[in-house]
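So the chains spell out like this:
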Amino acid sequence: MFKLILRSTYKTYHGKLGYLFLLLLMTGSVAHIVLLKTIWPVNIYDPIIGFDLSVFPHPVAPSGSHLLGTDPLGRDVLSMFLAGSEPLIKLSIVSFITGLVSSLLVGTFVPFLFRHFDLVLREFSSGLVLISPPIVLLILGTGDFLEKLSPETVGFIYGTLGGLGVCYLVISTRVKELINSEFLNASRVIGASELQIALRHILPLIIPYSVALMLSVTTSGIVAYGFASFFGQVGWTPNWGMMIYDAITYGSYLGGTNLWNLLPPTFGFIFCSSSFYLISISVKKQFGISL
Amino acid sequence: MFYGINILIPGDFLTPLRLMMSQEELDALRDTLGANDPLIQQYYRWIQSVFSGEITPGGFRQRSSKTVLDTVLPTLHVLLPSFVISIYLSRIPVLKTKVKRLGKEKIFSDVFGILLISLFPPIIYFLIGERLESLFRSLFNQFEITGTSSEILLFSELRIGFGYLLFAIACSYIIVSIFELLALIHIPKQKLLIAGLLLLIVFLFFDAKEVVTMLFYSKNAFITIGILTVLLIGEFILFNNIIVQNISKEDHIMTASAIGYSNQKIFKDHIIRNSFFPFATRIAINLPYTIASLVIVESTTGWGGMGSMLYRAIMSQDSNAAMAILFLLAILTATLRLGINFSQIVFNPQLRGTRNV
């Protein structure tokens, strides 16, 4: 099923563009690791503690040694930009997988096999939909949890909120529509157990819904992580939110706020969030999901 | 649920006092004020106090209920005009598309929508803040208007607050009309009429000094509205693309097209009317994210609404104030959702039909 989704989404323009953006980001992340180990000296090009003593004052405009210039704290913008994609890719993958697994596991079995429990779970999911995940991240980032708020943790929190929230509501409604369909009754007549029906018939039909929804949720997760990182709520990881914060805050004191400091992280966020959203649109188009 | 989120805030409303008191004194105070009581007991006490009109309970208060409630109107001052502007402006790309192309992929429009959503509020502030400020300054110089936005404190807050709300909505209708005229969509007679009526009410019921104060207040308000609008437009463009694409595949659109109705008529009589309810439902589902955007935007521009108050309350570990704001935001979300559901029952003939049966 996942292979089919991958193949069919690639056929649309949305899918092609989405995969291209994702590939660019992944290549950037790998390139950063390779460059830092081979060509770039760590003391100059480290995305957090790097500083180029040979040029002064910082920030400097794009040049041969610093292709995207340096930020007000003397760090190489290209190195920060490439390093910033890694946490977001981690977050997206963890969030997508967590949400997919939780929504498929709970969404397939509970409305089909444990219908009474479904009523309770739907109320719980409706409550989860009301919670604003960026605010939860803001709250978590104020305390001792700050150091533990890694991209994977944020992805897990976001995936759980999305998977058991909006995704569960949609999936359980779809499962309820399917419960009395003729092909399921036919399977029952020829002796298939409820578990077999859930796994063989229901699960494949709801996978595209879950994939499309979780890709959209992941997009909001990326934007929310950006907000949290802008406010310094995600600890000392190289990220684009912090790049924007540093460019504006320190830039106003040290040499002015420059576009070459602001544009790379802005485009980074645009590429990253649009890649998942475009693939999500592609899934919806290819599988006729009108959500 | 919101009380549950509040528990996640590290420390409690007494934590900020740790710099002024010893740990023993703080523990004693915690016992006296019931901060160490079981959660269920604290929750019951909070519910009781909410019903008695006090939404920031807990003995020691950094921010009173009044301080928190005073942020409601400023929030509406930016939220409602942003909604008005973004709902209408987000329709422009669809209105400029030919009916037969509506069912096709809208990759540019989708990418543009995502681009607007992913733009960081501080970046938008950096791009438009200075320009809007200089525009207001030149307008004030042109019309020789003098005064400060702090003069708003001299007048009755509630009165001028409501007056300003009408003024801001009127301005947003004028902005929408200008954009619709520029995009050559149609002459927005109704919108201009509504704007004119609202401005007339403001000029009749408020004296000149109050109106000048509103103009000065507008400067900061419209920077916040501008940023929030950019984010909301992105979101609404994506909503519109999906909704309109689904509607355009329906039989009645094909029939209208075959009969030979003009693009304008098909949009006005079939597509826009049918898109209202799915659009409203999506807005209702997305309200928590809109509120999150409000927090970010307000704390970026320093606007004194619920968003920036919530941010400051969380940062200063003032859990009582945070609880009060989360409670107000829950009420705001529920009210907007109820309003949307109620309007669906009133205006949707299909739902009315079901009710009658």
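Counting starts from 1 at the beginning of each chain's written sequence and moves along it residue by residue. Think of it this way: whatever chain is written first is A, whatever ligand is written first is 1, and the rest follow in order. Where local features are concerned, this predicted model is filtered to residues with pLDDT of at least 70; where side-chain atom pairs are given and counted, the filter is 80 or more; whole-chain, interface and lining totals use all residues. Calculation of side-chain values draws on the structure's entire complement of heavy atoms; hydrogens and water are dropped beforehand.

Caption draft 1: Representation of the interface of chain A and chain B. Note on contacts: a residue pair qualifies if any of its non-hydrogen atoms lie within 4.5 Å across the two residues. If you look at the interface, chain A gives 45 residues, while chain B gives 41 residues. By buried area we mean the combined loss of accessible area, with a 1.4 Å probe, across both parts when two parts are placed together. Between chain A and chain B, the buried area comes to about 3900 Å², and carbon and sulfur atoms account for 81% of it. Counted as salt bridges are all cases of a side-chain nitrogen of Lys or Arg within 4 Å of a carboxyl oxygen of Asp or Glu. Our count for the chain A to chain B interface comes out at zero salt bridges. In protein, a polar contact means a hydrogen-donor-capable atom and an acceptor-capable atom, both N or O and within 3.5 Å, with residues adjacent in sequence counting only if both atoms are side-chain atoms; elsewhere, any N or O pair within 3.5 Å suffices. Inspection of the region where chain A meets chain B yields two residue pairs in polar contact (both at pLDDT 80 or more).

Caption draft 2: Highlighting the state of the cysteines. All names here are of chain A. Pairs of cysteine sulfur atoms within 2.5 Å are what we label disulfides. Under the counting rule described, the total for this entry stands at zero disulfides over all chains. Here Cys 272 stays free of any disulfide, with the sulfur of Cys 167 as its closest cysteine sulfur at 19 Å. For Cys 272, a relative accessible area of 2% puts it in the buried group. Each residue is placed in one exposure class: buried if its accessible area under a 1.4 Å probe, protein chains only, is under 20% of its type's maximum, exposed if it is over 50%, and partly exposed if it falls in between.

Caption draft 3: Molecular detail of the environment of A:Tyr245. All names here are of chain A. A run of DSSP states H or I qualifies as a helix once it reaches four residues; a run of E qualifies as a strand once it reaches two. Both are numbered from the N-terminal end. Within the secondary structure, Tyr 245 sits in helix α10 (residues 240–253). Exposure remark for Tyr 245: the relative accessible area of 33% places this residue in the partly exposed category. Separated by 14 residues in sequence, Tyr 245 and Phe 231 place their C-alpha atoms 7.7 Å apart. Not counting chain neighbours up to four residues away, the residues in contact with Tyr 245 comprise Phe 230 and Tyr 250.

Caption draft 4: A look at a nonpolar patch on the surface. Residues and elements named next belong to chain B. Together, Leu 193, Leu 197, Leu 200, Ile 201, Leu 204 and Phe 205 make up an exposed nonpolar region whose accessible area comes to about 640 Å². On the secondary structure map, Leu 204 appears in helix α10 (residues 189–205). We classify Leu 204 as exposed; its relative accessible area is 63%. Patch membership is restricted to residues that have no salt bridge and whose relative accessible area is over 30%. Joining uses 9 Å for like charges and 5 Å for the nonpolar side chains Val, Leu, Ile, Met, Phe, Trp and Tyr. All accessible areas in this document rest on Shrake-Rupley with a 1.4 Å probe, and a residue is counted as covered only by the protein chains that are shown.

Caption draft 5: Up close: the layout of surface pockets. All names here are of chain B. In this structure, the second largest pocket occupies an estimated 1100 Å³ of space. What lines the second largest pocket is a set of 32 residues, and nearest its centre among them are Arg 91, Phe 267, Lys 268, Ile 272 and Arg 273. Looking at which element gives the most residues to the lining of the second largest pocket, the answer is helix α13 (residues 263–285), with eleven residues. Grouping the amino acids of the lining of the second largest pocket by side-chain chemistry returns 15 nonpolar, eight polar and nine charged. We place a 1 Å grid over just the protein atoms. Points where a 1.4 Å probe fits but has no way out form a cavity, open points with protein on both sides within 12 Å along at least 5 of 7 lines form a pocket, and any residue with an atom within 4 Å of a point lines it. Grid points are joined across faces, edges and corners, and a volume is the space filled by probe spheres set on the points. Note that Gly is not counted as nonpolar here; it falls among the polar residues with everything else outside the nonpolar set of Ala, Val, Leu, Ile, Met, Phe, Trp, Tyr, Cys and Pro and the charged set of Asp, Glu, Lys and Arg.

Caption draft 6: Broad picture of the confidence of the model for chain A. A residue's pLDDT is the predictor's confidence in that residue, given on a scale from 0 to 100. Scored by pLDDT, chain A has a mean of 84; 97% of the residues are at 70 or more. Considering each helix and strand of chain A separately, the mean pLDDT is smallest for helix α6 (residues 133–140) of chain A, with a value of 74, and largest for helix α2 (residues 13–38) of chain A, with 90.

Caption draft 7: Expanded view of the nonpolar core. With 155 residues, the main nonpolar core has A:Phe112, A:Ile135, A:Val211, A:Trp240, B:Tyr164, B:Ile271 and B:Leu310 as its most contacted residues. Discounting chain neighbours no more than four positions away, the residues touching B:Leu310 are A:Ile135, B:Val295, B:Ala322, B:Ile325, B:Leu326 and B:Leu329. Among buried residues, those of type Ala, Val, Leu, Ile, Met, Phe, Trp, Tyr and Cys that are joined through side-chain atoms within 4.5 Å constitute a nonpolar core. Counting seven residues, the second largest nonpolar core, distinct from the first, contains A:Ile281, B:Ile114, B:Leu238 and B:Ile242.

Caption draft 8: Just helix α14 (residues 287–301) of chain B, in detail. Residue and element names in this part refer to chain B. Helices are assigned an expected span. That span is 1.5 Å times one less than the residue count. Taking 1.5 Å per residue, 15 residues should reach 21 Å; α14 reaches 21 Å between its end C-alpha atoms and fits that length. The buried count for α14 comes to 13 of 15 residues, which makes it a mostly enclosed element. Backbone geometry just after α14 places Gly 302 at a positive phi near 75°.

Caption draft 9: Region of the structure containing the pattern of salt bridges. For the structure on display, the rule yields ten salt bridges over all chains. Of the charged contacts in the structure, one is a salt bridge between A:Asp71 and A:Arg75, with a shortest N-O distance of 3.0 Å. We note that A:Asp71, like A:Arg75, is buried. When the shortest N-O distance is used, the salt bridge between B:Lys191 and B:Glu180 registers 3.0 Å. You can see B:Lys191 sitting in helix α10 and its partner B:Glu180 sitting in helix α9 (residues 157–182), a full eleven residues away along the chain. Comparing B:Lys191 with B:Glu180, the two get one shared label, buried. By sharing partners, the salt bridges in this structure join A:Asp71, A:Arg75 and A:Asp246 into a single network.

Caption draft 10: Spotlight on a positive patch on the surface. Residues counted as positive are Lys and Arg, residues counted as negative are Asp and Glu, and His and the chain ends are not counted. Charged side chains are reduced to one point each, which is NZ for Lys, CZ for Arg, CG for Asp and CD for Glu. Together, B:Lys98, B:Lys100, B:Arg101 and B:Lys104 make up a region of like positive charge exposed at the surface. Positionally, B:Lys100 belongs in the loop between α6 (92–95) and α7 (107–118).

Caption draft 11: Spatial organisation of the confidence of the model for chain B. Residues and elements named next belong to chain B. Mean pLDDT over chain B: 79, with 85% of residues reaching 70 or higher. Per-element confidence in chain B is highest for α10, whose mean pLDDT is 92, and lowest for helix α17 (residues 349–356), whose mean pLDDT is 59. Taken together, the chains of this predicted complex give a pTM of 0.82 and an interface ipTM of 0.78.

Caption draft 12: Local environment of the packing of α6(A) against α14(B). At a minimum axis distance of 8 Å, the contact between α6(A) and α14(B) shows a crossing angle of 50°. Here α6(A) lies oblique to α14(B), going by the angle between them. Contacts between α6(A) and α14(B) involve A:Pro133, A:Pro134, A:Ile135 and A:Leu138 on the former and, on the latter, B:Tyr289, B:Ile291, B:Ala292 and B:Val295. Looking at the contact of α6(A) with α14(B), its residues break down into eight nonpolar, no polar and no charged. Axis angles are defined between N-to-C directions and span 0 to 180 degrees, where every axis is a line fitted to C-alpha atoms and, for a helix, only to the segment in contact. Any angle between 65 and 115 degrees counts as roughly perpendicular, while under 35 counts as roughly parallel, over 145 as roughly antiparallel, and the rest as oblique.

Caption draft 13: The packing of helix α1 (residues 2–9) of chain A against helix α11 (residues 259–286) of chain A, seen in detail. All names here are of chain A. At a closest axis distance of 9 Å, the pairing of α1 and α11 adopts a crossing angle of 100°. In terms of orientation, α1 lies roughly perpendicular with respect to α11. The residues of α11 that touch α1, namely those facing Ile 5, Ser 8 and Thr 9, are Ile 279, Ser 282, Val 283 and Gln 286. Of the residues assigned to the contact of α1 with α11, the class counts are three nonpolar, four polar and no charged.

Caption draft 14: Fine view of the packing of aromatic side chains. Any two of the Phe, Tyr and Trp rings considered here, Trp counted by its six-membered ring, make a pair once their centres fall within 6.5 Å; the pair's planes then place it as stacked at under 30 degrees, edge-to-face at over 60, or tilted in between. Going through the model one piece at a time under the given rule, you end up with 18 aromatic pairs over all chains. Where A:Phe81 meets A:Trp240, the ring centres are 5.6 Å apart and the plane angle is 25°; that geometry is what we call stacked. Placement of A:Phe81 in helix α4 (residues 77–113) and of A:Trp240 in helix α10 is noted, with a sequence separation of 159 residues between them. A relative accessible area of 1% places A:Trp240 in the buried class. Here the aromatic rings of A:Phe230 and A:Tyr245 are separated by 5.4 Å at their centres, their planes lie at 80°, and the arrangement is edge-to-face. Linking A:Phe230 in helix α9 (residues 194–230) with A:Tyr245 in helix α10, this pair joins segments that are 15 residues apart in sequence. The structure contains a cluster of three or more aromatic residues connected by ring pairs, namely B:Phe83, B:Phe236, B:Phe239 and B:Phe279.

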